[in-house]
Amino acid sequence: MSVFTTVTHEQLSAWLTNYSIGTLTALEGIAAGIENTNYFVTTARGRYVLTLFEKLKAAELPYYLNLMDHLAGQGVPSARPVRNRAGAFSGELNGKPAALVSFLRGSDIAAPTAGQCASCGTLLADIHKAGRSYSASMDNPRGLRWCESVMPEIIPFLGADDVALLREEIRFQSLERRDALPRGAIHADLFRDNVLWDDGRISGVIDFYFACTDALLYDVAITVNDWCVAEGGELDGDRAAALLEAYGAARPFTTAERGAWPGMLRAAALRFWVSRLYDFYLPRPGELTHAKDPRHFCRLLERHVARANSRMLP
């Protein structure tokens, strides 16, 4: 959500004539994040978030935007895309595909309690259950094949130990068989900064632009790896148990999922380690940028590998 493509007040005012949301009154760039250009947009009729997609093509956007609209229609507190006068959820602004979504009140939390982790677990299960009736599909854009494809580009920046860890984990994951796991639409990036809270309750879930069709358990592992990790890369047992128990109460885990859990935690850590390495060492220029430290997920992966036999679902 860095600003890679600058949009002026005049440019956006002209673009907004395609919408029935009133005249532009304020425009503010959002510095957090690393994938797309985002702005807070205020008009005479409300507040919105404008996203210019730096990597995604216009033809790819319907999967994400229609999913958000579908989930909101099923009662999930997702940011909802805004249709323009032609009935489309997206258009083009400054040469980039662009979309407006509703602004959701609230803010994220940096240090969640076990109770808040439980609420997140229920939210994630609700997303997965609502996604059952979403018919579109999208391959995981940052799955194992992507990790393999960018490995030659990032290896020159790594020390010998990290190279060995990366190569071995990709080898390990390539041998995992997960065909029996339940699949569907997943968020794939449900970190703490993508869940908003207002008055002690979850008020919204945002940033579905890594959503895809994959194992539901992979989404759970991604979420646990962010919400339930203490300093140094160890899982916080109380928070992890709270999230997993709440999720399982809404969508019970299968036998196959229970067996796949230790390896899936590793898969989720690998995905974000590689992504952060790529964005850290091979960044794109931007007016406001925010690259995150890849060492965090390297340490987390090392802990998961070392404690593989103890990482079991409750």
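Please refer to the structure higher up on the page.
Residues numbered from 1 in each chain as written. Predicted model: local features only at pLDDT ≥ 70, side-chain atom pairs only at ≥ 80, totals over all residues. Heavy atoms only, no water.

**What about the sheet that holds strand β1 (residues 24-29)?**
For step 1, the next point in the chain: An order of β1-β2-β3-β5-β4 is seen for the five strands of this open sheet, with the pairing classed as antiparallel. Strands with a single pairing partner mark the edges of an open sheet, and in this sheet they are β1 and β4 (90-93). Pairwise comparison of adjacent strand axes, ignoring direction, gives a mean angle of 30° for this sheet.
For step 2, the next point in the chain: The sheet contact formed by strand β2 (residues 37-43) and strand β3 (residues 46-52) spans seven bridges and is antiparallel. (Pairing = 2+ DSSP bridges. Helix = DSSP H or I, 4+ residues; strand = E, 2+ residues; numbered from the N terminus. Axes fitted to C-alpha atoms, helices over the stretch in contact; angles between N-to-C directions.)

**Concerning the environment of Tyr 278**
For step 1, the next point in the chain: Along the chain, the position of Tyr 278 falls in helix α8 (residues 255-281).
For step 2, the next point in the chain: Taking the C-alpha atoms as reference points, Tyr 278 and Ile 155, 123 residues apart in sequence, are found 9.9 Å from one another.
For step 3, the next point in the chain: Ignoring any residue separated from it by four or fewer positions in sequence, one finds Tyr 278 in contact with Trp 146, Val 150, Glu 153, Ile 154 and Pro 283. (Contact = heavy atoms within 4.5 Å.)

**Here's the deal with a nonpolar patch on the surface**
For step 1, the next point in the chain: Judged by side-chain polarity, Phe 157, Phe 280, Tyr 281 and Leu 282 come together as a nonpolar surface patch covering roughly 330 Å² of accessible area.
For step 2, the next point in the chain: Along the chain, Leu 282 turns up in the loop between α8 and α9 (295-306). (Patch = residues over 30% accessible without salt bridge, like charges linked within 9 Å, V, L, I, M, F, W, Y side chains within 5 Å. Areas by Shrake-Rupley, 256 points an atom, 1.4 Å probe, with all protein chains shown as cover. Salt bridge = Lys/Arg side-chain N within 4 Å of Asp/Glu carboxyl O.)

**Considering the pairing of β2**
For step 1, the next point in the chain: Counting buried residues in β2 gives five out of seven residues, a clear majority hidden from the surface.
For step 2, the next point in the chain: Where β1 and β2 come together, five bridges link them in antiparallel fashion. Its bridge partner being in β2, Leu 24 is matched across the sheet by Thr 43.
For step 3, the next point in the chain: Linking two consecutive strands that pair antiparallel, namely β2 and β3, is a turn of two residues. (Buried < 20%, exposed > 50% of the residue type's maximum accessible area, 1.4 Å probe, protein only.)

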